[in-house]
Amino acid sequence: DQQVKQNSPSLSVQEGRISILNCDYTNSMFDYFLWYKKYPAEGPTFLISISSIKDKNEDGRFTVFLNKSAKHLSLHIVPSQPGDSAVYFCAASLKTSYDKVIFGPGTSLSVIP
Amino acid sequence: KAGVTQTPRYLIKTRGQQVTLSCSPISGHRSVSWYQQTPGQGLQFLFEYFSETQRNKGNFPGRFSGRQFSNSRSEMNVSTLELGDSALYLCASSQGGQGEKLFFGSGTQLSVL
């Protein structure tokens, strides 16, 4: 039973355009959401996070939107750059846990020059 | 500050053997989490340790175990290896509070033949 879902295994976007990566979750107890980026042969690196009391968080080219009623969040990258090509993981943490962070299966983003 | 260090980087074992993986967290970090990454499954949570105590555990069989030492270094052990245990094993460290971002190592790529 996958509690964090990323239904698009891959996404291709033209350089300069917007990349939108989607994530759905099933557990309403999640109260903190994070996005990580992973390059081949490296560990994931933290990108951006959002608390469940907010619906938007922005950091430079990256914005995360949270829709609690739909149990959906999305990551927007504007403008997309070739260096953004990586696997993006959506993750969520539970109110009652500390560092038990649940990850989705990932979306592979390719930004085409 | 040095990052999270995992050793060894690559490991080849045969079915039935056991293996021990090592993780040195970022200095000052007291929480260490372990994840298994396989294609299509994303990062599956194994367990998390804080101050030598296991705080959280994922849905893995008892063949997977871990421990944390007083200097926060952690080891993960897998006994009676199966072919399906072939994966990238990632270790992550953090300060230990909820919602804190995880810092990942580059992982240990385990192949079971």
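Higher on the page you've got the structure.
Residues numbered from 1 in each chain as written. Chains lettered and ligands numbered in written order. Predicted model: local features only at pLDDT ≥ 70, side-chain atom pairs only at ≥ 80, totals over all residues. Heavy atoms only, no water.

(A) Broad picture of the interface of chain A and chain B. With 23 residues of chain A at the contact, the number on the chain B side is 27 residues. Taken over both partners, the interface formed by chain A and chain B buries close to 1900 Å², and the fraction arising from carbon and sulfur atoms is 54%. At the junction of chain A and chain B, the tally comes to 0 salt bridges. Between the two partners, chain A and chain B, sit 3 residue pairs in polar contact (both at pLDDT 80 or more). (Contact = heavy atoms within 4.5 Å. Buried area = accessible area lost by both parts, 1.4 Å probe. Salt bridge = Lys/Arg side-chain N within 4 Å of Asp/Glu carboxyl O. Polar contact = N/O pair within 3.5 Å; in protein donor to acceptor, adjacent residues only side chain to side chain.)

(B) A look at the state of the cysteines. As enumerated under the stated definition, the model contains 2 disulfides over all chains in all. Here A:C23 pairs with A:C90 through a disulfide, and the sulfurs are 2.0 Å apart. On the sign convention where negative is left-handed, the bridge of A:C23 and A:C90, at about -75 degrees about the S-S bond, is left-handed. You can see A:C23 sitting in strand β3 (residues 19–25) and its partner A:C90 sitting in strand β9 (residues 86–94), a full 67 residues away along the chain. Across the disulfide from B:C23 sits B:C91; the S-S distance is 1.7 Å. (Disulfide = S-S within 2.5 Å. Helix = DSSP H or I, 4+ residues; strand = E, 2+ residues; numbered from the N terminus.)

(C) Quick peek at the pairing of strand β3 (residues 19–24) of chain B. Residues and elements named next belong to chain B. Note: strand β1 (residues 5–7) against β3, 3 bridges, orientation antiparallel. For T7, the partnering residue across the bridge sits in β3 and is S22. Here 5 bridges tie β3 to strand β8 (residues 74–78), and the two strands are oriented antiparallel to one another. The residue bridging S22 from the neighbouring strand is E75, located in β8. (Pairing = 2+ DSSP bridges.)

(D) Region of interest: the nonpolar core. In terms of nonpolar packing, the biggest core is built from 25 residues, with A:F30, A:F33, A:W35, A:L73, A:L75 and A:Y88 touching the most fellow members. Those elements that place two or more of their residues in this core are β3, β4 (30–38), β5 (45–51), β7 (62–67), β8 (72–77), β9 and β11 (107–112) of chain A. For this core, the element with the highest residue contribution is β9(A), accounting for 5 residues. A:Y88 has contacts with A:Q6, A:L21, A:W35, A:Y36, A:K37, A:L47, A:L75, A:I77, A:G106, A:T107 and A:L109, leaving out every residue within four places of it along the chain. Counting residues in each nonpolar core, the second largest holds 21 residues, with B:L21, B:F64, B:A87 and B:L110 among its members. (Core = buried A, V, L, I, M, F, W, Y, C linked by side-chain atoms within 4.5 Å. Buried < 20%, exposed > 50% of the residue type's maximum accessible area, 1.4 Å probe, protein only.)

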